Amino acid sequence: MARQQAPAKKATVYRLSRPGDEPLELCIQRKYAENEDDFQMRDVSIGGTESLLITGKISTDEPRWMPHLVSLVGHNPRLKNLTSAAALIVPLQEYDYALTWGFGHILLNPLFLDNGFGLRFAIRKASPDQVRSLTSHTMDTLARTARTSVPSGASLDAFGVEEIGEVISRLVGRISVSGLTAAAGKADSYATVRGADGLSLPLAKSPQNLLVDLRYLHDTVENEPPAKGLEHFEHTRPLRPGAPEINQLQRLLSQALEPGSPLIALTWPAEWQEGDHGEADSYKIRGAGAGREEQPDELELHHLLQPLAHREASTRFDALKRITVQGLNSDGFSISRAIHGDKWITFQIDHEGKRYVFHQGRWFDIGGAYLDLLRQKVEKILAKRSNLLVSDWPREVKPKGNIGVATEGRYNLLVQHDDPSFLRLDTKLLYTMQHTKGFEVCDLLGPDDELIHVKRMDGSVSASHLFNQALVAVEALRRQPDTVSKMQEVVRRESKGKRDIPDDFQPTKVVLAFGGRPATPEALFTFSQVTLARCAQRLAELEVELEILEIKDTPKILKEDLSLE
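Residues numbered from 1 in each chain as written. Predicted model: local features only at pLDDT ≥ 70, side-chain atom pairs only at ≥ 80, totals over all residues. Heavy atoms only, no water.

Attention now moves to the overall build of the chain. On a plain count of helices and strands, the chain comes out with 13 helices and 29 strands. If you line up the chain on its principal axes, its C-alpha atoms span 95 × 55 × 55 Å. Looking at the chain residue by residue over its 565 residues, the buried ones come to 51%. For the chain, contacts bridging at least 24 residues in sequence account for 67% of all contacts bridging at least 6. Taking the average place of the 69 positive charges on the side chains of the chain and the average place of its 78 negative ones, the gap between the two points comes to 4 Å. (Helix = DSSP H or I, 4+ residues; strand = E, 2+ residues; numbered from the N terminus. Buried < 20%, exposed > 50% of the residue type's maximum accessible area, 1.4 Å probe, protein only. Contact = heavy atoms within 4.5 Å. Lys, Arg positive; Asp, Glu negative; His and termini not counted. Charge placed at Lys NZ, Arg CZ, Asp CG, Glu CD.)

Given below as structure tokens:
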């Protein structure tokens, strides 16, 4: 008996949103649509639905690696690459569905792609216990991307995905194909699907059944909720290069790059976080125009934005990318490479009903449900207030004679001056086997050995760096044997022998002390909220309490002798 042919075959389908009554050809990139030598387009009918088929070949005269081969062997074997591509565009309700084979996906016009369509289907149908692969992106100061695979399938818990701080861009899992032609009437038929921007799964071989399958995909994404345990996967997503939103967002970012912008914050690049740079004593800033080179002791947002103020709004972002910032130690030697200016800022804006964030040179679409979840977590963290009493934050006379807010260093000195039960440790680095270039264990050591980290939340600085510093200090004291002894040395030296910590010291409490604004979610940029939530979770795992302290401002002027007037 002849083997019965399967009614469906695996293909990859994308969803596009074509404007108005424009022709289907708009779904194809112009360079392929107009290349009549290598590509052929024809109108076809799929179950009575007028559709568009494009087929062809993508060829190169020779592979890019050919010159290297020729240089080694002295002979040209006359090879060339030839790749086939096909795409079938089928209109269905307000969308177009594109089935692709071979390299057909590169024929599609990226301006109209419904990014994340395949992922949205997968999280509505995949079993949370049969996930085979996840691609995740960390929404934090470290912009990591990881793909984790379990070939036999595993529960979601096995992948260690967090609700806060991680974005999923691709899921591979098992689904029931009930409702699709592939089921062929069987109630227990399953298939592996791959969901990202596109969706790879078995689709019908017959035109009429293909329309049924496409309607099933459409109805699933439009009307069904995500499977239990997979809900948070669609809350937010990174924008892929070439996404149609990016050009407009880039223009909005360029317009916002001016001194005093509330939408911009100074942040620390991923490269800085990933390296063991130690604390910079100063920063070398180049490329700000007119051959200028600055070397401020503290890097502030205006160092990046002020040189852009006189430029046309449309050119500011490109100008920012030409600025470089390099960290220097106390001897003036470089402790980092020159990092371009766009890596030092965070930008967030609400645009057309969505929140977008530019961070570490990458764009993210932050969903409303994700923001609600994030806000709830951050509110709980910020509600845990410290009972410590510290000095109000004064103003001071700046080098050019104007009056401004006292620096964090001077403020920490004032706290120690007013109450000797606090010990100022900011800029007092611990040099350990793990951190050979040094790190700050805290800004102030509290009366009961609380690790206090101080930051002004005046809207110009992202607090992510502060939260990571707090976590690095705790993990070093908990996990690295020589850290406690190094901290003992620093505490004895800075207190002139009046204070010590025990040999078995383990931090039990971290205090984040905020000045400049009330400690509320609104005071923190979205990515700072993400980092705070992840920091709080990790500290809880280490059995360390996290408390919040608000520092009030005072109009009094701080004098050189730390008295106020």
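With 16 residues, helix H13 (residues 526-541) should reach 22 Å at 1.5 Å per residue; the first-to-last C-alpha distance of 23 Å fits that figure. Among all positions of H13, only Thr526, Phe527, Ser528, Gln529, Val530, Thr531, Leu532, Ala533, Arg534, Cys535, Ala536 and Leu539 are buried. (Expected span 1.5 Å × (residues − 1).)

In total, this model carries 25 salt bridges according to the counting rule given. Taking the shortest distance from any N to any O, the salt bridge between Glu224 and Lys125 comes out at 3.2 Å. Placement of Glu224 in the loop between helix H4 (207-223) and strand S11 (236-238) and of Lys125 in helix H3 (residues 117-125) is noted, with a sequence separation of 99 residues between them. Sharing partners across several salt bridges, the network here consists of Arg15, Asp114, Arg120 and Glu222. (Salt bridge = Lys/Arg side-chain N within 4 Å of Asp/Glu carboxyl O.)

Position of Arg18 among the secondary structure elements: in the loop between strand S1 (8-16) and helix H1 (30-33). Engagement of the side chain of Arg18 in a polar contact is seen with the backbone oxygen of Glu22, the distance being 2.3 Å. Reaching out from Arg18, the side chain makes a polar contact with the side chain of Asp96 at a distance of 2.7 Å. Each residue touching Arg18, except ones within four places of it in the same chain, is listed here: Pro23, Leu24, Leu26, Cys27, Pro91 and Asp96. (Polar contact = N/O pair within 3.5 Å; in protein donor to acceptor, adjacent residues only side chain to side chain.)

The backbone phi angle of Thr427 is positive, close to 70 degrees, even though this residue is not glycine. As for its position among the elements, Thr427 is in the loop between strand S22 (423-424) and strand S23 (429-430). Taking the relative accessible area as the measure of exposure, Thr427 reaches 48% and is therefore partly exposed. In the Ramachandran plot, Lys496 falls in the positive-phi region, its phi being about 55 degrees despite a non-glycine side chain. Along the chain, the position of Lys496 falls in the loop between helix H12 (483-494) and strand S27 (509-515).

So, about a negative patch on the surface. A surface patch of negative charge is lined by Asp281, Asp297, Glu298, Glu300, Asp331 and Asp458. As for its placement among the helices and strands, Asp281 is situated in the loop between helix H6 (270-274) and strand S13 (282-286). (Patch = residues over 30% accessible without salt bridge, like charges linked within 9 Å, V, L, I, M, F, W, Y side chains within 5 Å. Areas by Shrake-Rupley, 256 points an atom, 1.4 Å probe, with all protein chains shown as cover.)

Strands sit in the order S21-S20-S29 across an open sheet of 3 strands; the sheet is mixed. Because the sheet does not close on itself, it has two edges, and the strands there are strand S21 (403-405) and strand S29 (553-558). With strand direction ignored, the average angle separating the axes of adjacent strands in the sheet is 35 degrees. Here helix H10 (residues 408-418) sits on the sheet and contacts strand S20 (393-397) and S29; the angle it forms with S20, its principal contact strand, is near 125 degrees. (Pairing = 2+ DSSP bridges. Axes fitted to C-alpha atoms, helices over the stretch in contact; angles between N-to-C directions.)

So, about the nonpolar core. Core analysis: the largest hydrophobic core is formed by 48 residues, its most contacted members being Val441, Met487 and Leu512. Within the residue set of this core, elements represented by two or more residues are strand S19 (362-366), helix H9 (368-382), helix H11 (464-479), H12, S27, H13 and strand S28 (545-551). Of the residues forming this core, the biggest block, 8 residues, is contributed by H11. (Core = buried A, V, L, I, M, F, W, Y, C linked by side-chain atoms within 4.5 Å.)

Glancing now at the state of the cysteines. Tallied over the entire structure, the rule returns 0 disulfides. Not engaged in a disulfide, the cysteine Cys535 finds its nearest cysteine sulfur in Cys442; these two sulfurs lie 14 Å apart. Overall, the relative accessible area of 2% leaves Cys535 in the buried class. (Disulfide = S-S within 2.5 Å.)

Relative to the helices and strands, Phe117 is located in helix H3. Sequence separation between Phe117 and Arg15 is 102 residues; the distance between their C-alpha atoms is 6.6 Å. Setting aside chain neighbours within four positions, we find Phe117 in contact with Val13, Tyr14, Arg15, Tyr97, Ala196, Asp197, Leu199, Leu217 and Val221.

With respect to the helices and strands, Ile366 occurs in strand S19. Between the C-alpha atoms of Ile366 and Arg355, which are 11 residues apart in sequence, the distance is 5.3 Å.

Attention shifts here to the pairing of strand S4 (residues 82-92). Alignment of strand S3 (residues 49-59) against S4, held across 8 bridges, turns out to be antiparallel. Pairing of Thr55 across the sheet is with Ala86, part of S4. Note that S4 and strand S5 (residues 95-102) share 8 bridges and pair antiparallel. Directly across from Leu92, in S5, lies its bridge partner Tyr95.

Structurally, Tyr283 is set in strand S13. With 16 residues separating them along the chain, Tyr283 and Leu299 place their C-alpha atoms 6.5 Å apart.

As a further point, take the sheet that holds S27. The strand order across the open sheet formed by 5 strands is S22-S25-S26-S27-S28, and the pairing between neighbours is mixed. Sheet topology places S22 and S28 at the edges, where each strand pairs with a single neighbour. The sheet contact formed by strand S26 (residues 451-456) and S27 spans 6 bridges and is parallel. Residue pairing across strands places Leu451 opposite Val510, the latter belonging to S27.

Looking now at the packing of H3 against H4. With their axes 9 Å apart at the nearest point, H3 and H4 run at an angle of 80 degrees to one another. Classed by the angle they form, the pair H3 and H4 counts as roughly perpendicular. Note on element contacts: H4 touches H3 through Tyr216, Leu217, Thr220 and Val221, opposite Phe117, Arg120, Phe121, Arg124 and Lys125. When grouped by side-chain class, the residues that make up the contact of H3 with H4 number 5 nonpolar, 1 polar and 3 charged. (Parallel < 35°, antiparallel > 145°, perpendicular 65-115°, else oblique. Nonpolar A, V, L, I, M, F, W, Y, C, P; charged D, E, K, R; others polar.)

Next up on the list: the packing of aromatic side chains. Think of a pair of aromatic rings as described by two things: how far the centres are apart, and how the planes are tilted against each other in angle. Under the defined criterion, the tally for this structure stands at 9 aromatic pairs. Between Phe347 and Trp363 the ring centres are 6.1 Å apart and the planes differ by 90 degrees, which places this aromatic pair in the edge-to-face class. In this pair, Phe347 sits in strand S17 (residues 345-351) while Trp363 sits in strand S19, placing the two residues 16 residues apart along the sequence. Judged on exposure class, the residue Phe347 and its partner Trp363 are both buried. Plain terms: the ring middles of Trp393 and Tyr411 are 4.3 Å apart, the flat faces sit at 5 degrees to each other, and that makes the pair stacked. With Trp393 in strand S20 and Tyr411 in helix H10, this residue pair connects regions lying 18 residues apart in the sequence. For the residue pair Trp393 and Tyr411, the accessibility class agrees, reading buried in each case. (Phe/Tyr/Trp six-rings, centres within 6.5 Å; stacked < 30°, edge-to-face > 60°.)

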